[in-house]
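Understanding the architecture of this molecule
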Amino acid sequence: GFNARRDLEAIGLSYLQRAIANRKPVTDRRALEAAANEAQRMALQLGDLYLESIRPERAEAVFLRIIEKEPRLGMIPPPVEAYAMIQIAVALDRIRGRREEALVWLSKLVERKELVGSHWHGLGMFRLALFTFNQKQDSHLAIPLYQEMLRLYPEHEVAELATAYLCLCAIRA
């Protein structure tokens, strides 16, 4: 009796209602602070609302507007673009048949030299390791990614989690 479309919409609305009731921000404040104008902040929040309400296709479309530098958004700062790339990867990871594309977006982010040393670069490296393991189920592929992330970002807010996942991968290897 599960109606995928109707039931997923209800679940998504439930998540959104819970976030509102708990006054939980859906967009990372660092991304909002990096935005150059209100149009960029609105785009970030809209994309994240779509992610929160389980609408990954719509979230992808909104974040692609940032990546493609839609003229109405003005000059896109690198941290905003990096955040959009991470969120596109999250959206794609939630779309059946498109999960592999998430790895492509995260790899593009990690390769961006101007982002090295930033919060978003560290988070992108973490997500690349996490998504690689989740999709490939191969510890030997994920371990060097976690190790590199931890080498570059030992104080990152996800470093402890990366260490735990690295240990779990090492146990599996």
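Our structure's up above, just so we're on the same page.
Worth saying up front: this structure is predicted, and the values here are computed from it rather than measured.

Once that is clear, we can look at the overall build of the chain. Counting its regular elements, the chain contains nine helices and zero strands. Out of the 173 residues in the chain, the part that is buried amounts to 44%. As displayed, the chain offers around 9,800 Å² of accessible surface, 56% of which is attributable to carbon and sulfur atoms.

Right, let's talk about the packing of helix α4 (residues 56-67) against helix α5 (residues 78-93) for a bit. When two helices pack together, their arrangement is given by the angle between the helix axes and by the axis-to-axis distance. It is at 9 Å that the axes of α4 and α5 come closest, and there the two elements cross at 155°. Relative to α5, the element α4 is oriented roughly antiparallel. Along this stretch, α4 crosses α5, giving a crossing that reads as left-handed. Listed contacts from α5 to Pro56, Ala59, Glu60, Phe63, Leu64, Ile66 and Ile67 of α4 are Val80, Glu81, Tyr83, Ala84, Met85, Gln87, Ile88, Ala91 and Leu92.

This part takes up helix α7 (residues 119-136). An α-helical turn contains 3.6 residues, so a residue and the one three or four places further along point in the same direction. For α7, which comprises 18 residues, the first-to-last C-alpha distance of 26 Å matches the rise-based estimate of 26 Å (1.5 Å per residue) to within 8%. Most of α7 sits out of view: 15 of its 18 residues are buried. Trailing α7 by a residue or two, Gln137 shows a phi angle of about 55°, which is positive.

Okay, the environment of Glu157 next. You can see Glu157 is positioned in the loop between α8 (139-152) and α9 (159-172). A distance of 3.2 Å separates the side chain of Glu157 from the side chain of Arg30, its partner in a polar contact.

The next thing to look at is the side chain of Gln87. Inspection of the secondary structure assignment puts Gln87 in helix α5. In this view, Gln87 contacts Asp48, Leu51 and Phe63; residues no more than four positions away in its chain are not counted.

Moving on: the packing of aromatic side chains. Applying the stated criterion across every chain yields a total of five aromatic pairs. Judged by centre distance (6.3 Å) and plane angle (75°), the rings of Phe63 and Tyr83 are edge-to-face. Of the two residues, Phe63 sits in helix α4 while Tyr83 sits in helix α5, which places them 20 residues apart along the sequence. Judged by relative accessible area, which is 0%, Phe63 ranks as buried. Here Phe126 and Tyr146 contribute two aromatic rings whose centre-to-centre distance is 6.2 Å and whose plane-to-plane angle is 55°, an arrangement assigned as tilted. Of the two residues, Phe126 sits in helix α7 while Tyr146 sits in helix α8, which places them 20 residues apart along the sequence.

We note that Ile54 has phi near 60°; this positive angle belongs to a residue other than glycine. Here Ile54 lies in the loop between α3 (38-52) and α4. In this structure Ile54 comes out as partly exposed when scored by relative accessible area, which is 29%. Even without being glycine, Lys69 reaches a positive phi, approximately 55°. You can see Lys69 is positioned in the loop between α4 and α5.

Rules and cut-offs
Residues numbered from 1 in each chain as written. Predicted model: local features only at pLDDT ≥ 70, side-chain atom pairs only at ≥ 80, totals over all residues. Heavy atoms only, no water. Helix = DSSP H or I, 4+ residues; strand = E, 2+ residues; numbered from the N terminus. Buried < 20%, exposed > 50% of the residue type's maximum accessible area, 1.4 Å probe, protein only. Areas by Shrake-Rupley, 256 points an atom, 1.4 Å probe, with all protein chains shown as cover. Axes fitted to C-alpha atoms, helices over the stretch in contact; angles between N-to-C directions. Parallel < 35°, antiparallel > 145°, perpendicular 65-115°, else oblique. Left-handed = near helix turned anticlockwise from the far one by under 90°. Contact = heavy atoms within 4.5 Å. Expected span 1.5 Å × (residues − 1). Polar contact = N/O pair within 3.5 Å; in protein donor to acceptor, adjacent residues only side chain to side chain. Phe/Tyr/Trp six-rings, centres within 6.5 Å; stacked < 30°, edge-to-face > 60°.

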